[in-house]
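Residue-level structural notes
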Amino acid sequence: MMASDPSLAEVSSPLVSAPTLPPTPASPSPSPRLVSQITNVSELKDVSPDDWAYQALQMLTERYGCISGYPNQTFRGDRALSRWEFAAGLNACLNKLLTNLESASQLARDDLALLKRLQEDFKKELAPLTARVDNLESRLSYLEDHNFSPTSKIFGNLIVQTDIYFSGETERGKPQVTNQYNLFLANVTSFTGRDTLLAGFAATNTTLADVAPFNSDRNVGATREGTTYAASAGDLNNNLQIITLQYQFPIGESFSATIVPVNRYNFSTSLLPNFVPDYQLGFGPVSSFAVAPPIYLIGGGVGGSVTANLAKDTLFSLTYLTPTGSLPNVPTGAPNQGVGLFAGDYIAAAQLNYNPDPGIFLQLLYQHGYFAPGNFAFNNGQTFRPGSGYVGTSLANRFDDPGILFNDASSVVSNAYGVGGYYAFNPQFSLGGWVNYIQARLLGKGDAEIWTYSLQAIFPDLFREGNLGGLVVGVEPMLTGLNTSLPIANFRNDTSLHIEAFYRYQIARGFAITPFVMWITAPNQDANNQDLVIGGLRTNFAF
């Protein structure tokens, strides 16, 4: 994750994956022999698993989860590393500890001394980081004096954003300006040092612009292409509400489970990874589309997941989620369309994560779902009707609604497939992205196809250490085809490109501003619509 990003990469926003708290050290502090071993790492060409530095960093990572990239946040492997690779890992560990108050508050004094020893032996590669370890020591002293609780931490994040639609046809006939904020507060508690209880609260105000509502000269509803991440939580009318509640715990050495009683905003809080290693959700790209694969936004609700460590670098997860409360379009007394864990809409998924190296990530995902008439959308089970979801074209979200393609609403059975990942070429450049294909069967009517994909280039420390530049090119969810023998309304499936550029300027720890611009060609998958050009400014406060 980004070195100078504010803390709370894992819990700073509603769309974020659940943190895995670093375990409270149960084993004794590193032995004096480990710290004072005679062999100097600077004399070595490579750093092997037998070297004290390798073992020291592995121990620190297992205690504090300070190297992201591996599925369970451990520093693993049995191959020798070049000094550059090892320094990159040490840099990542230092950055994580510096930007994560949760880890820093559990940092033992002996471990701090070990970090200093590692920095000394790698001073040539890590010369700019000397002041950072001193800063970490001063922050540790502060945290020891101001700790909220030894087992429970409070975090927060506030996004304030202005979006300006410079072009694009709207129902109001002129460009729009939207202002919104997204406040998220979280309490993270660990009872055993290996488990995590996350309770998240949010207050928002959101205005979704009514842009490009036409396809094939018919008003099918405003497109949700270009919707910003700040708006994706929906409108809570400025009321503070609980939006995430989950408990994650280990089952033996190779399994873990997550119980999700409340999950309003994302497909799976325990399985949502970053698809570019330098992102922090809320502090990375501006659009909701670019934050994570849209396949995660199909359905949502309560349920749980089970995760197995198949190998040192491989995780396999199974997830089941179902909406809670009244579904917006379920007819009273309709069969098999009720509310409950197994009585109505649901999403079941299998996911494989592969991390052979911190700079390489690959994911495969299969998802199966059922949705009552009119309930399919990229909205995580939220009731955005009649405004559809919050990513993609209107047709991709509303093809099952009455009056859009067919006269009446349709139940949908979906099979969705996803592949994604990233590759870090060096500390200053990474490429990531995904491809999602959704096959949606409208029961009794036909089969629809939806595609979405992205390619994202990320430039950490661009122009200044701690800043982040990014370029995103992709296609938000769009309805590419419909196979049916029934008469349907005409629709166009012109490719709508999503092009996004942003630059996050880190003013101070926990405070950043991000100017951005987005360009949507052929919005609502219709080339006759005027292109959307959206610009604005996002301000982040993390505390």
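Not measured: the values here are computed from a predicted model.

**Observations regarding helix α2 (residues 52–64)**
Because an α-helix completes one turn every 3.6 residues, residues spaced three or four positions apart along the sequence face the same direction. In this model α2 runs 18 Å from its N-terminal to its C-terminal C-alpha over 13 residues, within 8% of the 18 Å that 1.5 Å per residue would give. Burial runs high along α2: 10 of the 13 residues are buried. Regarding α2, the residues found buried are W52, A53, Y54, A56, L57, M59, L60, T61, R63 and Y64.

**Overview of unusual backbone geometry**
One non-glycine residue, D217, adopts positive backbone phi at about 65 degrees. Its place among the elements puts D217 in the loop between β6 (214–215) and β7 (218–219). On the basis of relative accessibility, which here comes to 75%, the residue D217 falls in the exposed class. Even without a glycine there, the phi angle at D461 is positive, about 55 degrees. Structurally, D461 can be placed in the loop between β16 (446–460) and β17 (468–484). A relative accessible area of 29% places D461 in the partly exposed class.

**Examining the confidence of the model for the protein**
Looking at the protein, the pLDDT average stands at 75 and 71% of residues meet or exceed 70. Low pLDDT (under 50) marks residues 1–44, which in the prediction has 157 contacts with non-local residues, meaning those over four places away or in another chain. Here residues 267–272 is a poorly scored stretch, pLDDT under 50, and it has 37 contacts once near neighbours within four places are set aside; other chains count.

**Here's the deal with the environment of F86**
Mapped onto the fold, F86 is located in helix α3 (residues 83–99). With a relative accessible area of 0%, F86 lands in the buried category. Residues F86 and F122, 36 residues apart in the sequence, show an inter-C-alpha distance of 9.3 Å. The contact partners of F86, leaving out residues within four places of it in the chain, are V47, A53, Y54, L57, L81, L118 and F122.

**Remarks on the pattern of salt bridges**
On inspection of all chains with the given rule, the structure shows 5 salt bridges. Between D401 and R398 there is a salt bridge, with the nearest N and O atoms lying 3.0 Å from each other. We note that D401, like R398, is buried. Salt-bridge contacts for D494 lead to R492; the nearest nitrogen and oxygen are separated by 2.7 Å. Given a relative accessible area of 29%, R492 falls into the partly exposed group. One connected set of salt bridges, linked through shared partners, spans R492, D494 and D526.

Quick notes on the rules
Residues numbered from 1 in each chain as written. Predicted model: local features only at pLDDT ≥ 70, side-chain atom pairs only at ≥ 80, totals over all residues. Heavy atoms only, no water. Helix = DSSP H or I, 4+ residues; strand = E, 2+ residues; numbered from the N terminus. Expected span 1.5 Å × (residues − 1). Buried < 20%, exposed > 50% of the residue type's maximum accessible area, 1.4 Å probe, protein only. pLDDT = per-residue confidence, 0-100. Contact = heavy atoms within 4.5 Å. Salt bridge = Lys/Arg side-chain N within 4 Å of Asp/Glu carboxyl O.

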